[in-house]
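Overview (structure and organization)
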Amino acid sequence: ELPVVPCEEPHEAEVFAVFDLEYPGAYDPDPVVAAVETACREEFEAFVGRDYETSELDIYYLYPPEAAWDEGHRAVTCAIIAPDWDTRTLTLVTGSLEGANR
């Protein structure tokens, strides 16, 4: 579970997509992570209004560990973060990053 913070209050991340990953086969960490990253990047552009590669924003994601995967869980959560690359910290954001085009 993730803590829910209203968009009007400062927060470190904003969930922008939740879905079940369409991935055939047994759990294999590298291909599963690659599939999660690809799916989150596709959702990112639609949400932010800019493709991931040219954005100053970054993606954080959660996906099932192997034990949960083996039980049939496929839920993925994608969140946007606004890193300060100089200090290697997260910038607190107030409001939504939807349509931010950053």
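Throughout, a residue's number is its position along its own chain's written sequence, starting from 1. In keeping with the model being predicted, local features are shown solely for residues with a pLDDT of at least 70 and side-chain atom pairs are shown and tallied solely at 80 or more, while totals for entire chains, interfaces and linings include all residues. Only hydrogens and water are set aside; all other atoms, that is, all heavy atoms of the structure, feed into the side-chain values.

Let's shift gears to the sheet that holds strand 1 (residues 13-20). Note on pairing: two strands pair once DSSP finds at least 2 bridges between them. Note on conventions: DSSP H or I runs of at least 4 residues are helices, E runs of at least 2 residues are strands, and numbering of each starts at the N terminus. If you walk across this open sheet you meet the 3 strands as 1-3-2, and the pairing is antiparallel. Edge strands, defined here as strands with exactly one partner in the open sheet, are strand 1 and strand 2 (58-62). Averaged over all pairs of adjacent strands, the angle between strand axes in this sheet comes to 25 degrees, irrespective of strand direction. Where strand 2 meets strand 3 (residues 75-81), 5 bridges bridge the pair, whose relative direction is antiparallel. The partner of tyrosine 61 across the bridge, within strand 3, is cysteine 78. Sitting on the sheet, helix 1 (residues 29-48) touches strand 1, strand 2 and strand 3, and the angle it makes with strand 1 is about 120 degrees. For helices, the axis comes from a line fit to the C-alpha atoms of the stretch in contact; other axes are also lines fit to C-alpha atoms, and the angle between any two N-to-C directions lies between 0 and 180 degrees. Should any heavy atoms of two residues lie within 4.5 Å, those residues are considered in contact.

As a further point, take unusual backbone geometry. Residue arginine 88 is not a glycine yet carries a positive backbone phi of 55 degrees. Position of arginine 88 among the secondary structure elements: in the loop between strand 4 (83-84) and strand 5 (89-90). Buried, partly exposed and exposed residues are distinguished by accessible area as a fraction of the type maximum, computed with a 1.4 Å probe on protein chains only: under 20%, between the cut-offs, and over 50%, respectively. On the basis of relative accessibility, which here comes to 77%, the residue arginine 88 falls in the exposed class. A positive phi angle, close to 50 degrees, is found at asparagine 101, a residue other than glycine. Note on asparagine 101: relative accessible area 40%, which makes it partly exposed.

Stacked, edge-to-face and tilted labels apply to pairs of Phe, Tyr and Trp rings (six-membered ring for Trp) whose centres lie within 6.5 Å, assigned for plane angles under 30 degrees, over 60, and everything in between, in that order. Tallied over the full model, the rule gives 5 aromatic pairs. Ring geometry for phenylalanine 16 versus phenylalanine 47: centroids 5.8 Å apart, planes at 35 degrees, classification tilted. Pair noted here: phenylalanine 16 is in strand 1 and phenylalanine 47 is in helix 1, with a separation of 31 residues, a long-range link. Considered together, phenylalanine 16 and phenylalanine 47 belong to a single accessibility category, that of buried residues. A centroid spacing of 6.1 Å and a plane angle of 40 degrees characterise the contact between tyrosine 61 and tyrosine 63, whose relative ring orientation is tilted. Given a relative accessible area of 29%, tyrosine 63 falls into the partly exposed group. Among the aromatic residues, those joined into a cluster by ring pairs are Phe16, Phe44, Phe47 and Tyr52. By definition, being over a ring means that NZ of Lys or CZ of Arg is both within 6 Å of the ring centre and within 35 degrees of the ring normal. The ring of tryptophan 69 carries the charged tip of arginine 74 above its face, separated from the ring centre by 3.7 Å.

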